[in-house]
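Examining the three-dimensional arrangement
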Amino acid sequence: MLTKQIRRDIKKEGLKNLKRRYYMNIIIIFIVSVIINGGYQFATRKTQDVNDTTVSTAAKVVEETNQNILLGKDARSSNATIVWQFLVNVFEIDDVPLSATKGAASTKYCGGVASVFVNEITGSQSYIFGIINGVNQVLFKGKIASSIVIFVFAILSILLFVFVKNVIVVGKNRYFLEQRRYHETGPGELLFPYKNKRLKNIAFIMFLKYIFQVFWNITIVGGFIKRYEYLLIPYIVAENPEIDPKDAFEISKKLMYGDKWKAFVVECSLLPWYLLSYLTYNISALFFSDAYIECIRAEMYMRIRAEKKDTLELRLRKWLNDDMLDIDHVEEGEHPSGKEVLDIPTLDIHTLKYNYMRKYPFLSLVQLFFTYSFVGWLWEMSLYIAATGKFVNRGTMHGPWLPIYGCGGLLIILLLKPLREKPPLLFAGTVAVCGTVEYVTSWFLEKMFNAKWWDYTGYFLNVNGRICFEGLLVFGMAGFAFTYILSPMIDDFYSKINKDKRRVACGILIVLFVMDLIWSALSPNVGAGITDKLVQLFRLFYI
């Protein structure tokens, strides 16, 4: 029973658990807040169950519908609008514009694919709607009917609610149950629902809990009682995700029998923390009280469990079988569940077909330079043809090559060889090297010829129009392809050619390139589609 002394002990133990792993606890709460609230408003909403509320969302729908009828709005509302408003209220979806037009988006950025998605997301205040409408703008030029966009968004939002927002609560609870007794509990426990094919059962139980709570909330008093009757379900599921749904509800009901009011008293005692959170714009909650409250709830579950587990009949007691959570001391080692892995395949670069650690001879480097320069020229030319239907010889030179691509490819191969065994560092190194090359080249060409061969002004996260976010992202991905697949594959192909023929071919290419370089220095390749109206061109293509 939650006596007054036990309630005091629970708070004391919760504070001790919070302090022991303070920084990790705060990080966990921050991550869960962002996930549950879709990346927005995480500083003003709690990380508790998404259906933890004493006000019925279904009742809100009824009330708003009645108001609409009184105001005469029902006669003018379409079926799509009515259904949409119902979904918004019941599933707590961000209320995005019903129009799929670009008027809802911000106009801060005006170029590039990334800008479209940034504008749509910030304009609608919803990740999912922004992404869907961004795809609509990029691929279909905004021609998809708004009702289709809203329908797809609603379906994805419900799936996100059922399989992510609703179940991440169980992962959070699992973390706080473990961290109270195991020092090495890591953030990976947030993914507990997704380990070893547990997601379907967890999602089903949590969805049932949500639906039952919504309907009980209509009765007001019944909603209050059921809130505390269902209080322990997310913790019971966090202890044993294979539990039968019916048994999960029955166990929570029996464990909370006689303690619902006292659990309510515990939460009332936390009201000063909620008030302080409000007065500090949720700063106190973010850095203390939210994590403290989670530690208290986990401790309360374990106290009730220890007190009443043996009173349950055997068929129910068998589900509460993780007794390692109930030890009376703190373990330094990691809980066994922390060693479980996700059922997601990972890429091992050591299993790749080609020897990516090879040392490239001079002839291979020359051939790779011209190969990448030619491929870059084809890419730029194809992009322009796709946008305008016209052929234009893109680049600073007159020949079929763009040396900036070749230089970038060689620098990745030569400078970043020490990072080949570390893909994340290779990605970062590629972004840094290629970004520097592109920026310096742009600056040099502009100062030397007083013209721009590319301009990212208006693109998302651009620097002086010389480099931009999506370009650097492409460079990073290209660095992977260059290092682990393309360069070794091309080198293997060229190595099959007679060495003397390779020397002759390389010699001819170098002579032609030098001649073109001199010609381009005296008379650079400029004109329509090359150095003028580039911004308008790419805005047309991307938007």
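What counts as what
- Residues numbered from 1 in each chain as written.
- Predicted model: local features only at pLDDT ≥ 70, side-chain atom pairs only at ≥ 80, totals over all residues.
- Heavy atoms only, no water.
- Phe/Tyr/Trp six-rings, centres within 6.5 Å; stacked < 30°, edge-to-face > 60°.
- Buried < 20%, exposed > 50% of the residue type's maximum accessible area, 1.4 Å probe, protein only.
- Helix = DSSP H or I, 4+ residues; strand = E, 2+ residues; numbered from the N terminus.
- Lys NZ or Arg CZ within 6 Å of the ring centre and 35° of its normal.
- 1 Å grid on protein atoms, 1.4 Å probe; cavity = no way out; pocket = protein on both sides within 12 Å on 5 of 7 lines; lining within 4 Å.
- Points joined across faces, edges and corners; volume = space filled by probe spheres on them.
- Nonpolar A, V, L, I, M, F, W, Y, C, P; charged D, E, K, R; others polar.
- pLDDT = per-residue confidence, 0-100.
- Contact = heavy atoms within 4.5 Å.
- Arc of directions from axis to C-beta.
- Core = buried A, V, L, I, M, F, W, Y, C linked by side-chain atoms within 4.5 Å.
- Polar contact = N/O pair within 3.5 Å; in protein donor to acceptor, adjacent residues only side chain to side chain.
- Axes fitted to C-alpha atoms, helices over the stretch in contact; angles between N-to-C directions.
- Parallel < 35°, antiparallel > 145°, perpendicular 65-115°, else oblique.
- Salt bridge = Lys/Arg side-chain N within 4 Å of Asp/Glu carboxyl O.

1. Focus: the packing of aromatic side chains
- Scanning the entire structure with this criterion turns up 24 aromatic pairs.
- Summarising the aromatic geometry, the rings of Tyr 175 and Phe 176 are spaced 5.0 Å apart at their centres and angled 85° between planes, so their arrangement reads as edge-to-face.
- On the basis of relative accessible area, Tyr 175 is assigned to the buried category, the value being 0%.
- With centroids separated by 5.1 Å and ring planes inclined at 40°, the aromatic side chains of Trp 261 and Phe 264 adopt a geometry described as tilted. In this pair, Trp 261 and Phe 264 are both assigned in helix 12 (residues 260–268), three residues apart and thus about one turn of the helix distant.
- For Phe 264, a relative accessible area of 22% corresponds to the partly exposed category.
- Ring pairing ties together the aromatic residues Phe 224, Tyr 228, Trp 261 and Phe 264, which thus form one cluster.
- Positioned above the aromatic ring of Tyr 228 is the side chain of Arg 227, whose terminal nitrogen or guanidinium carbon lies 5.0 Å from the ring centre.
- The ring of Tyr 439 carries Arg 466 above its face, with NZ or CZ at 5.4 Å from the centroid.

2. Overview of the layout of surface pockets
- In this structure, the largest pocket spans a volume of roughly 1300 Å³.
- What lines the largest pocket is a set of 46 residues, among which Glu 380, Ile 404, Tyr 405, Glu 438 and Trp 454 lie closest to the centre.
- Those elements that provide at least two residues to the lining of the largest pocket are helix 16 (362–388), helix 17 (403–415), helix 18 (423–449), helix 19 (469–495), helix 20 (499–522) and helix 21 (534–542).
- In terms of residue count, the dominant contributor to the lining of the largest pocket is helix 18 (eight residues).
- Tallied by class, residues from the lining of the largest pocket come to 33 nonpolar, eight polar and five charged.

3. What to know about the confidence of the model for the chain
- Per-chain confidence: the chain averages 79 in pLDDT, with 72% of residues scoring 70 or above.
- Mean pLDDT values for the elements of the chain range from 40 in helix 21 up to 96 in helix 11 (residues 245–256).
- The model gives residues 39–45 a pLDDT under 50, and that stretch makes 17 contacts with residues more than four places away or in other chains.
- Counting interchain partners and residues more than four positions distant, the pLDDT-below-50 stretch residues 533–543 has 34 contacts.

4. Regarding helix 12
- Of all the positions in helix 12, only Ala 263, Val 266 and Glu 267 are classed as buried. The buried residues of helix 12 occupy an angular sector of 95° when the element is viewed end-on, so they sit on one face.
- Residues of helix 12 that are buried sit in contact with helix 1 (4–20), helix 9 (221–229), helix 11, helix 13 (271–279) and helix 14 (283–308).

5. Some remarks on the nonpolar core
- Grouped together as the largest cluster of nonpolar side chains are 58 residues, with contacts concentrated most on Leu 177, Ile 236, Ile 243, Ile 251, Leu 255, Met 300 and Tyr 301.
- Listed by contribution, the elements that provide at least two residues to this core are helix 1, helix 2 (22–36), helix 7 (146–179), helix 8 (199–217), helix 10 (233–239), helix 11, helix 12 and helix 14.
- The leading source of residues in this core is helix 14, at ten residues.
- Among all residues touching Met 300, those that are not within four sequence positions of it are Leu 2, Ile 10, Leu 231, Ala 263 and Val 266.

6. Considerations on the side chain of Asp 491
- Summarising the element assignment, Asp 491 is placed in helix 19.
- At 3.0 Å, the side chain of Asp 491 and the side chain of Arg 358 are in polar contact.
- Beyond its immediate chain neighbours, meaning those up to four positions away, Asp 491 contacts Arg 358, Tyr 360 and Ser 364.

7. Considerations on the packing of helix 2 against helix 14
- Closest axis-to-axis distance for the helix 2/helix 14 pair is 9 Å, and the angle between their directions is 90°. By the criterion of interaxial angle, the relationship of helix 2 to helix 14 is roughly perpendicular. Contacts from Tyr 22, Asn 25, Ile 26, Ile 29 and Phe 30 of helix 2 reach helix 14 at Leu 286, Phe 287, Phe 288, Asp 290, Ala 291, Glu 294 and Cys 295.
- Of the residues in the contact of helix 2 with helix 14, the class split is nine nonpolar, one polar and two charged.

8. Focus on the pattern of salt bridges
- One pass over the full model with this rule turns up 25 salt bridges.
- For Asp 322, the salt bridge goes to Arg 174, with nearest N and O atoms at 3.0 Å. Of this pair, Asp 322 sits in the loop between helix 15 (314–317) and helix 16 while Arg 174 sits in helix 7, and the two are 148 residues apart along the sequence. For the pair Asp 322 and Arg 174, one class covers both residues: buried.
- With a closest N to O distance of 3.1 Å, Glu 313 and Lys 254 form a salt bridge. Here Lys 254 lies in helix 11 and Glu 313 lies in the loop between helix 14 and helix 15, a separation of 59 residues in the sequence.
- Note on Glu 313: relative accessible area 36%, which makes it partly exposed.
- Looking at Lys 254, the relative accessible area reads 35%, which means it is partly exposed.

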